[in-house]
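Residue-level structural notes
Chain residues, written in single-letter form:
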Protein chains: 2
Amino acid sequence: MRIIGNHVSPYARKVLVALAIKRIAFEIDPIIPFFGTDDFTRLSPLRRIPVLVDGDVTLCDSSVICEYLDEAYPAPPLMPAAPADRARARWLEEYADTRLGDVIIWRLFQERVIKPSVWRTPADETVIATATDQDLPGIMNWLEDEAPAAAFMFGAAPMTVDITFACFFRNAALAGWGPDAARWPRAVAWIARCQEIPEFAATIPIEQLFMTARRADRNRVLRDAGLAIAAETVGGEAPRKGVMPI
Amino acid sequence: MRIIGNHVSPYARKVLVALAIKRIAFEIDPIIPFFGTDDFTRLSPLRRIPVLVDGDVTLCDSSVICEYLDEAYPAPPLMPAAPADRARARWLEEYADTRLGDVIIWRLFQERVIKPSVWRTPADETVIATATDQDLPGIMNWLEDEAPAAAFMFGAAPMTVDITFACFFRNAALAGWGPDAARWPRAVAWIARCQEIPEFAATIPIEQLFMTARRADRNRVLRDAGLAIAAETVGGEAPRKGVMPI
């Protein structure tokens, strides 16, 4: 099984944590989507990561991939059992992928991390201030009502939805923002529990290697850290403007 | 079971066709999301339609709702059986909801229908030309490879994914655009088959009543046509700017 994507992307990280929890071996082509070649566009027509290639099966979209993993490799489960719970899990994940994706990734993280590191342009502080002062407090107010008082959203074991939120708030932290534990105690404690899942915590040092290594050295550094790096890559030499890497 | 949404929305129509195929009785609160009240925002924090309320279960997002319906009311199935097929169905639906949503709804239909009818502003013909001359041909080229040569995506019976594409291309038609059958014969024939599904075809006269009735008369007209209109509504008197009705 091959994953195209990297540990800094919240969508790719979600899949990588799911694979680790399910003890599924994989190799990885750790590209940044902006750098994808035409072969990447053929595999992922929306130029999104992650992409999963499992024999004849090629899949895009982290939610689709996680549902596939849960159906093809059922143990341990990453979805609750009852239809109403499964539906709520899917809806919360969709909320995160859409709304947290919009605010945390495409405003906060884009301005603070992607613009300087990929496009070599400065951050727009007005966009960041709107995200942290208006959008994120609204999201946190909503999440404080949804978050579980103990353990995880659907009981003692973490599900895909718990991993999903952990990933987005990790990107918020990488962009220098975290929610106030005094203002949203239940949500903040739940996010911390999600980020303490061993398979999630194990992604942090890899993410740091990815972010600090020079691009030319990245795959070697990640291989030295124990990752099975794919022999083939769909990554190119320079980022492309005008694509739709969501 | 109550559905909040209307037959013109491709996302709401998808759910309404699924309910019809499964012979599930429902009542409808046929609002336009821009007109939603604060109660609508509480039920649907992204201010999207459709919303499903089934006893204690309140769900947003058409894909989440259709998966719930298929798990809670399995016959007839609207998802294929094998994990790899289910994953492909979900990915094609996600592609449609994202990419066709972006181009057909938020460029073509928004300019041609929503702006004049909801916001009383003229269409931007440049936006429409980009959608019809650049984006839609690219989408159709991709879809020509994905569309089945006969019947539906996963065999003799239509699934949620077939309904999904039927809905988006109906909105394209309402905005005055249709794909060229000489250029994309396989995709166009498949879209036609999907739109001939009786439960889909039955939505067309209702959609026409919705689009032609004055807003104050709409619910009465729809009730006269046989729809079970909900006694309560989360629709307001005027549209709101600055919301996120995707």
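Residues numbered from 1 in each chain as written. Chains lettered and ligands numbered in written order. Predicted model: local features only at pLDDT ≥ 70, side-chain atom pairs only at ≥ 80, totals over all residues. Heavy atoms only, no water.

- Chain A goes by Glutathione S-transferase family protein in an unreviewed UniProt entry, where it is assigned to Sphingomonas alpina.

**Here we look at the packing of aromatic side chains**
All names here are of chain A.
- Here the structure, examined in full by the defined rule, presents 12 aromatic pairs over all chains.
- Look at phenylalanine 165 and tryptophan 190: their rings are 5.2 Å apart centre to centre, the planes differ by 55°, and that puts the pair in the tilted class. Taken together, the residues phenylalanine 165 in helix α6 (residues 160-174) and tryptophan 190 in helix α7 (residues 185-195) connect sequence positions 25 residues apart.
- With relative accessibility at 1%, the residue phenylalanine 165 sits in the buried group.
- Its relative accessible area of 0% is what places tryptophan 190 among the buried residues. (Phe/Tyr/Trp six-rings, centres within 6.5 Å; stacked < 30°, edge-to-face > 60°. Helix = DSSP H or I, 4+ residues; strand = E, 2+ residues; numbered from the N terminus. Buried < 20%, exposed > 50% of the residue type's maximum accessible area, 1.4 Å probe, protein only.)

**Here we look at the interface of chain A and chain B**
- Facing the 27 residues of chain A at the interface are 27 residues of chain B.
- Summed over both sides, the interface between chain A and chain B buries roughly 2,300 Å², with carbon and sulfur atoms accounting for 74% of that surface.
- On the chain A side of the contact with chain B, Glu71, Arg90 and Trp91 of chain A bury the most area, a combined 25% of that side's loss.
- One salt bridge connects glutamate 94 of chain A with arginine 48 of chain B, and the closest N-O pair in it is separated by 3.1 Å.
- Put simply, chain A and chain B have 8 residue pairs in polar contact (both at pLDDT 80 or more) between them. (Contact = heavy atoms within 4.5 Å. Buried area = accessible area lost by both parts, 1.4 Å probe. Salt bridge = Lys/Arg side-chain N within 4 Å of Asp/Glu carboxyl O. Polar contact = N/O pair within 3.5 Å; in protein donor to acceptor, adjacent residues only side chain to side chain.)

**A look at the UniProt feature "domain: GST N-terminal" (unreviewed entry) in chain A**
- Residues given the UniProt feature "domain: GST N-terminal" (unreviewed entry) here are residues 1-77 of chain A.
- In residues 1-77 of chain A, helix accounts for 38% and strand for 18%; the two terminal C-alpha atoms are 19 Å from one another. (UniProt positions renumbered as here; feature names shortened; annotations may be inferred.)

**Considering the relation of the copies chain A and chain B**
- For the match of chain A to chain B, the screw axis carries a shift of 0.0 Å, the RMSD comes to 0.0 Å, and the turn is 180°. In short, the pair behaves as if placed about a two-fold rotation axis.
- When the interface residues of chain A are mapped onto chain B, 100% of them are again interface residues, pointing to one common binding face. (Least-squares fit on C-alpha atoms with pLDDT ≥ 70 in both.)

**Examining the sheet that holds strand β3 (residues 51-54) of chain A**
Residue and element names in this part refer to chain A.
- Reading across the sheet, the 4 strands line up as β2-β1-β3-β4 and stay open at both edges, with mixed pairing between neighbours. Looking at strand neighbours, the two that pair on one side only are β2 (27-29) and β4 (57-60), the edges of this open sheet. Shown here is a sheet whose adjacent strand axes are inclined to one another by a mean of 20°, direction ignored.
- Pairing of strand β1 (residues 2-4) with β2 involves 3 bridges; the strand directions are parallel. By the bridge assignment, arginine 2 is partnered in β2 with glutamate 27.
- Set on the sheet, helix α3 (residues 62-72) makes contact with β3 and β4; between it and β4 the angle comes to about 135°. (Pairing = 2+ DSSP bridges. Axes fitted to C-alpha atoms, helices over the stretch in contact; angles between N-to-C directions.)

**Let's talk about the packing of helix α1 (residues 10-21) of chain A against helix α4 (residues 83-119) of chain A**
All names here are of chain A.
- Between α1 and α4, whose axes approach to 11 Å, the crossing angle comes to 140°. Our classification of the angle between α1 and α4 gives oblique. Where α1 abuts α4, its residues Pro10, Tyr11 and Lys14 lie against Glu93, Asp97, Gly101 and Ile105.
- Grouping the amino acids of the contact of α1 with α4 by side-chain chemistry returns 3 nonpolar, 1 polar and 3 charged. (Parallel < 35°, antiparallel > 145°, perpendicular 65-115°, else oblique. Nonpolar A, V, L, I, M, F, W, Y, C, P; charged D, E, K, R; others polar.)

**Looking at the sheet that holds strand β4 (residues 57-60) of chain B**
Residue and element names in this part refer to chain B.
- Spatially, 4 strands are ordered β2-β1-β3-β4 in an open sheet, and the strand pairing comes out mixed. Bordering the open sheet on either side are β2 (27-29) and β4, each of which pairs with just one other strand. Each adjacent strand pair in this sheet contributes to an overall mean axis angle of 20°, direction not counted.
- With 4 bridges connecting them, strand β3 (residues 51-54) and β4 associate as antiparallel partners. Each residue of the ladder has a partner; that of valine 53, found in β4, is threonine 58.

**Describing the pattern of salt bridges**
- For the structure on display, the rule yields 48 salt bridges over all chains.
- Across the salt bridge formed by arginine 90 of chain B and glutamate 71 of chain A, the nearest N and O atoms sit 3.1 Å from each other. Of this pair, arginine 90 of chain B sits in helix α4 (residues 83-119) while glutamate 71 of chain A sits in helix α3, on two different chains.
- Residue arginine 90 of chain B is classed as buried on the basis of its relative accessible area of 7%.
- As a salt-bridge pair, aspartate 135 of chain A and arginine 99 of chain A come within 3.2 Å of each other at their nearest N and O atoms.

**Quick notes on the environment of glutamate 144 of chain B**
All names here are of chain B.
- You can see glutamate 144 is positioned in helix α5 (residues 125-146).
- Look at glutamate 144 and you get buried, because its relative accessible area is 18%.
- When the C-alpha positions of glutamate 144 and proline 205 are compared, they lie 29 Å apart, and in sequence the two are 61 residues distant.
- Sequence-distant contacts of glutamate 144, that is, excluding residues within four places in its chain, are made with Trp184, Pro185, Arg186 and Ala187.
- A distance of 2.8 Å separates a polar side-chain atom of glutamate 144 from the backbone nitrogen of alanine 187.

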